[in-house]
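Below are the chains, spelled out letter by letter.
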Amino acid sequence: MSEKVKLKYKNKEFEFPLIMGSENEKGIDIKTLRSQTGLITYDPGYKNTGSCTSQITFLNGEEGILRHRGYSIEDLCKNVSFLEVAFLLIFGNMPTEKELNLLNDEIRKDSLVDEDLKLILKSFPKSAHPMGILSSLTSGLIAFNPSSVDIESEDDMREAIIMLIAKFPILASWTHRKVKGLPLNYANTSLSYVENIAHMMFKLPHQDFKPSPVVVNALNKLLILHADHEQNCSTSTVRIVGSSEAGLFASVSAGVSALWGRLHGGANQGVIEMLKAIKRDGGDTKKFMARAKDKNDSFRLMGFGHRVYKNFDPRARIIKKSADQVLGELGINDPILNIAKSLEEEALNDSYFIDRKLYPNVDFYSGIIYRALGIPTEMFTVMFALGRLPGWIAQWAEMRKNKEPIGRPRQIYTGNTKRTI
Ligand code: ACO
């Protein structure tokens, strides 16, 4: 017999079944809670709430485990390309050579956007934040590709998925070119997916461009490390927007907006701004540590802490090693890296951070690598979005296939009771 949980309320006993995951995670299935008891649960920030079952990503925050479709993040980073990880996340298995070639061909065919999208881009001031531009352009894709909203057809769904994988890097690189006042680059389909991202972002009209293997490898790793992270803020946004039967592009556009915030994807920009501020201030890390611990100061140590990881973030370990390697290979000596290392060491030995289980997250070191690759600070979160795209797509597609009900939480009303004018 399956395990059950009992709830006692007003001298009555109610039973709820346990739901068990493939890694023995257990949850209480409260689907009938309200109809049986008249009660709802209250869980701000959904710290204890499972919103779905999912076969995409397994994460164990206590043990620092992250696996996509069963493969560890360490294995993936070491052995495969970002596009292979994208295929794995979206379609469930590692692609065969034939499947990968087909995917590449399909992407190459779709690596173009309607010229009129440039009119939308043109209307933004150069001072606009790239994430705002990227979200608008992604939403703009719907108008130029209306079939992308038909979620009933499997073929249309695949077409929309390929279209987005192909066009999103164009939008991301055009965002960068716009804020930098540079001419827009088109895709070079003789390059690999990641080389092409580097080409569209960095190729200048008056110079030849050959993506350096160091840059491409670093980008590949960074994109893989960000590719999916189960039900985080932006992914939950994508799923909840999609649950209303909004199309893929609309859902991903909303995901970009959710990622923008400093407590989520915007943390990578926040980290570099914080490290620069420490440097400008004379490099006194202790002063900033004190501020982070002061409850009357809103300052937080950016890139530290995670809702789920309470031991270490496995992505942060990989990225720290990679930061040393990439800076070494590019011959860059960035004083900010030393500040980051001192800050990390102090935090890891400080009881405030130890007691609260606060460790560096993926974005503590990612900005240092982006900087070394010549990517401007305000573009960091766009780079995160490029990496997270396959995760958003996979989660959206799973939600559609599972025919999940529309996402619609309840509330406990605490406003005025009935009154008259
Ligand atoms: N600096 C200082 N104190 C912190 C930090 C931090 N970075 N993070 C958490 N705390 C403290 C909180 O003040 C709180 O202290 P208290 O118990 O004395 O009140 C305690 O640690 C728990 O923090 P919560 O905010 O309740 O934890 P939550 O799980 O809600 O938040 C979050 C996680 C948002 C990531 C938080 O740690 C944070 O703000 N970090 C900095 C921003 C950041 O790096 N975000 C990127 C996350 S990774 C990603 O999205 C890719």
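The structure this text deals with has already been given above.
Residues numbered from 1 in each chain as written. Predicted model: local features only at pLDDT ≥ 70, side-chain atom pairs only at ≥ 80, totals over all residues. Heavy atoms only, no water.

S.K.: Could you clarify how one ought to interpret the side chain of D228 in this entry?
M.R.: Along the polypeptide, D228 turns up in the loop between α9 (213-225) and α10 (233-242). The side chain of D228 is buried and forms no salt bridge, while R388, the nearest opposite charge, is found at 5.1 Å. Reaching out from D228, the side chain makes a polar contact with the side chain of T57 at a distance of 2.5 Å. If sequence neighbours within four positions are ignored, D228 has contacts with I56, T57, L66, H68, L89, T235, R388, G391 and Q395. (Helix = DSSP H or I, 4+ residues; strand = E, 2+ residues; numbered from the N terminus. Buried < 20%, exposed > 50% of the residue type's maximum accessible area, 1.4 Å probe, protein only. Lys, Arg positive; Asp, Glu negative; His and termini not counted. Salt bridge = Lys/Arg side-chain N within 4 Å of Asp/Glu carboxyl O. Polar contact = N/O pair within 3.5 Å; in protein donor to acceptor, adjacent residues only side chain to side chain. Contact = heavy atoms within 4.5 Å.)

S.K.: Just to check I follow, could you spell out the sheet that holds strand β6 (residues 71-72) for this structure?
M.R.: The strands making up a sheet are joined through hydrogen bonds of the backbone, oriented either antiparallel or parallel. Here three strands make up an open sheet; going across it, the order is β4-β5-β6 and the pairing antiparallel. Because the sheet does not close on itself, it has two edges, and the strands there are β4 (57-60) and β6. (Pairing = 2+ DSSP bridges.)

S.K.: Any chance you could explain the layout of surface pockets here in plain terms?
M.R.: Approximately 300 Å³ is the volume attributed to the second largest pocket. As for the second largest pocket, its lining consists of 21 residues, and the residues nearest its centre are V216, N217, A218, N220 and K221. Mapped onto the lining of the second largest pocket, the elements with two or more residues apiece are α3 (82-91), α4 (97-109), α8 (193-202), α9 and α14 (314-330). Ranked by the residues each element gives to the lining of the second largest pocket, the list is headed by α9, at eight residues. (1 Å grid on protein atoms, 1.4 Å probe; cavity = no way out; pocket = protein on both sides within 12 Å on 5 of 7 lines; lining within 4 Å. Points joined across faces, edges and corners; volume = space filled by probe spheres on them.)

S.K.: When you look at the packing of α14 against helix α15 (residues 335-348) in this model, what are you seeing that I'm missing?
M.R.: Two numbers describe a pair of packed helices, the interaxial angle and the distance between the axes. Between α14 and α15, the least distance of the axes is 12 Å, while the angle of their chain directions is 155°. Here α15 runs roughly antiparallel to α14, going by the angle between their axes. Like other packed secondary-structure pairs, α14 and α15 cross with a definite hand, here left-handed. Here K320, A323, D324 and L327 of α14 lie close against α15, whose contacting residues are L337, K341 and E344. In the contact of α14 with α15, the residues fall into three nonpolar, no polar and four charged. (Axes fitted to C-alpha atoms, helices over the stretch in contact; angles between N-to-C directions. Parallel < 35°, antiparallel > 145°, perpendicular 65-115°, else oblique. Left-handed = near helix turned anticlockwise from the far one by under 90°. Nonpolar A, V, L, I, M, F, W, Y, C, P; charged D, E, K, R; others polar.)

S.K.: Which parts of the structure should I look at to understand the packing of α3 against helix α18 (residues 380-401)?
M.R.: Packing of α3 against α18 brings their axes to within 8 Å, and their N-to-C directions diverge by 20°. One finds that α3 runs roughly parallel with respect to α18. The handedness of the crossing between α3 and α18 comes out as right-handed. Residues F82, A86, L89 and I90 of α3 touch α18, and the partners they reach there are L386, G387, P390, G391, I393 and A394. Classifying every residue of the contact of α3 with α18 gives eight nonpolar, two polar and no charged.

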